[in-house]
Amino acid sequence: MKNHSIVMLRRNLKHIARNPMSVFNAVLMPIVVMLMFVYMLGDAFSVGVNYVDYATPGLLLLAVCYGLGSVALAVNADKTKGIINRFKVMDVPPNAVLTGHVIAAVLTNLIAVGAIIGVAFLLGFNPAASFMQWLAVIGIVLLLSLATSWITVALGLVAKTPETAGLVTVPLIMLPFFSSAIVPADKMGPGVKQFAEYQPFTSIIEALRGLLNGVPAAGDVIPALAWLVGILVVGYFWASSTFTKQA
């Protein structure tokens, strides 16, 4: 199983190397969004702290979500081109095929997250997190990457065409904008405010924000971890069962 997973990971990394624009786009767009909101519009938002300190946690989450479209397309291409069926004939374990896509996605996400943090520091980001709190931030980002990648792999498998696969991840990409990523939820209009307060990404962002500010709150961290573990479990079993059922 381990050797199969490594082979599948190597295969996906080669595909990324042949198409570096997928990584470039996953890194570039979150940076563009950061520059737009922090550098251009930051003074328009009243959040009680330096805006780059407020926005960076949400932009980390956005950086993870923005690269998911290429993951769904890659998985769907394997399905529609018959490559998955060939792997089944070769008796390659399903988890190995899917894990290769997931780990490649996580590595791409880490590059995007590293770029966002670097640009944030250039814009004046001043976190108060301790070493252990930084480790917790990294752990949450990794768990977020794994959870969203497994969900995306499942969505790529159930999509009928590459065009559909490119669209199914749009809600995941848009969801951070309907959270506390850009502005506090209590500043939003009725309906949107309640949605933003109770959707999973807000809990995750607030957990990251508290850790980076050096004042983590159990009321944010525990719900964030519960959401992440739940999404990861659902995504993993959904993707695995879909892979197994498809002929």
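Everything that follows concerns the structure shown earlier in this document.
About the criteria used
- Residues numbered from 1 in each chain as written.
- Predicted model: local features only at pLDDT ≥ 70, side-chain atom pairs only at ≥ 80, totals over all residues.
- Heavy atoms only, no water.
- Helix = DSSP H or I, 4+ residues; strand = E, 2+ residues; numbered from the N terminus.
- Buried < 20%, exposed > 50% of the residue type's maximum accessible area, 1.4 Å probe, protein only.
- Contact = heavy atoms within 4.5 Å.
- Expected span 1.5 Å × (residues − 1).
- Polar contact = N/O pair within 3.5 Å; in protein donor to acceptor, adjacent residues only side chain to side chain.
- Axes fitted to C-alpha atoms, helices over the stretch in contact; angles between N-to-C directions.
- Parallel < 35°, antiparallel > 145°, perpendicular 65-115°, else oblique.
- Left-handed = near helix turned anticlockwise from the far one by under 90°.
- Core = buried A, V, L, I, M, F, W, Y, C linked by side-chain atoms within 4.5 Å.
- Nonpolar A, V, L, I, M, F, W, Y, C, P; charged D, E, K, R; others polar.
- Phe/Tyr/Trp six-rings, centres within 6.5 Å; stacked < 30°, edge-to-face > 60°.
- Patch = residues over 30% accessible without salt bridge, like charges linked within 9 Å, V, L, I, M, F, W, Y side chains within 5 Å.
- Areas by Shrake-Rupley, 256 points an atom, 1.4 Å probe, with all protein chains shown as cover.
- Salt bridge = Lys/Arg side-chain N within 4 Å of Asp/Glu carboxyl O.

**Examining the overall build of the chain**
- Each helix and strand in the chain was counted, giving 12 helices and zero strands.
- The linear arrangement of helices and strands in the chain, starting from the amino end, is α-α-α-α-α-α-α-α-α-α-α-α.
- Across the 247 residues in the chain, those meeting the buried criterion constitute 49%.
- Within the chain, contacts between residues at least 6 apart in sequence are counted, and of these 83% link residues at least 24 apart.

**Digging into helix H11 (residues 200–212)**
- Taking 1.5 Å of rise per residue, the 13 residues of H11 would be expected to cover 18 Å, and the 19 Å separating its terminal C-alpha atoms lies within 8% of that figure.
- The buried fraction of H11 is high, at 12 of 13 residues.
- Along H11, the positions that sit buried rather than exposed are Pro200, Phe201, Thr202, Ser203, Ile204, Ile205, Ala207, Leu208, Arg209, Gly210, Leu211 and Leu212.
- Against the buried residues of H11 lie helix H3 (51–66), helix H7 (131–158), helix H9 (170–174), helix H10 (192–198) and helix H12 (218–245).
- The residue sitting at the N-terminus of H11 and contributing the capping side-chain oxygen is glutamine 199; that oxygen lies 2.9 Å from the backbone nitrogen of phenylalanine 201.
- Note on H11: the residue one or two positions beyond its end, glycine 214, has a positive phi of about 80°.

**Regarding the packing of H7 against H11**
- H11 packs onto H7 with a crossing angle of 160° between their chain directions and a minimal axis gap of 9 Å. Our classification of the angle between H7 and H11 gives roughly antiparallel. Regarding H7 and H11, the two cross each other, and that crossing is left-handed. Contacts between H7 and H11 involve Gln133, Trp134, Ala136, Val137, Ile140, Val141 and Leu144 on the former and, on the latter, Phe201, Ile204, Ala207, Leu208, Leu211 and Leu212.

**Details of the environment of glutamine 194**
- The residue glutamine 194 is located in helix H10 in this model.
- Overall, glutamine 194 belongs to the partly exposed group, its relative accessible area being 38%.
- In sequence terms glutamine 194 and serine 179 are 15 residues apart; their C-alpha atoms lie 9.8 Å from each other.
- Here the side chain of glutamine 194 touches glycine 191 through a polar contact of 2.8 Å, landing on its backbone nitrogen.

**Here's the deal with the nonpolar core**
- Ranked by size, the top nonpolar core spans 52 residues in total, and within it Leu59, Phe201 and Ile204 carry the most contacts.
- Residue assignment for this core shows that the elements contributing at least two residues are helix H2 (21–40), H3, helix H6 (94–122), H7, H11 and H12.
- Looking at which element gives the most residues to this core, the answer is H3, with 11 residues.
- Leaving out residues up to four positions away in the same chain, leucine 59 has contacts with Val33, Met34, Val38 and Ile116.
- Ranked by size, the runner-up nonpolar core spans 13 residues in total, among them Leu98, Val106, Ala154 and Ala239.

**Considerations on the packing of H11 against H12**
- Two numbers describe how H11 lies on H12: the axes approach to 8 Å, and their chain directions differ by 130°. By the angle class used here, H11 and H12 are oblique. The handedness of the crossing between H11 and H12 is left-handed. Note on element contacts: H12 touches H11 through Asp220, Val221, Pro223, Ala224, Trp227 and Leu228, opposite Pro200, Ser203, Ile204, Glu206 and Ala207.
- Split into classes, the residues belonging to the contact of H11 with H12 amount to eight nonpolar, one polar and two charged.

**Focus: the packing of aromatic side chains**
- Evaluated as defined, the whole model comprises four aromatic pairs.
- Taking 5.3 Å as the distance between ring centres and 55° as the angle between the ring planes, the aromatic pair formed by phenylalanine 121 and phenylalanine 125 counts as tilted.
- With a relative accessible area of 43%, phenylalanine 121 lands in the partly exposed category.
- Accessibility expressed as a relative area gives 7% for phenylalanine 125, which makes it buried.
- Look at tyrosine 236 and phenylalanine 237: their rings are 5.2 Å apart centre to centre, the planes differ by 85°, and that puts the pair in the edge-to-face class.

**What to know about a nonpolar patch on the surface**
- A cluster of nonpolar side chains, Ile103, Leu107, Leu110, Phe131, Met132, Leu135, Ile138 and Leu142, forms an exposed patch at the surface whose accessible area comes to about 720 Å².
- Every element with two or more residues in the nonpolar patch is listed here: H6 and H7.
- Element by element, the count of residues in the nonpolar patch is highest for H7, at five residues.
- Within the secondary structure, leucine 107 sits in helix H6.

**Here we look at the pattern of salt bridges**
- Applying the stated criterion across every chain, the model contains one salt bridge.
- Note that glutamate 206 is salt-bridged to arginine 209, the shortest N-O span being 2.6 Å. Placement of both glutamate 206 and arginine 209 in helix H11 is noted, with a separation of three residues, approximately one turn of the helix.
- Taking relative accessible area as the criterion, arginine 209 reaches 6% and is therefore assigned buried.

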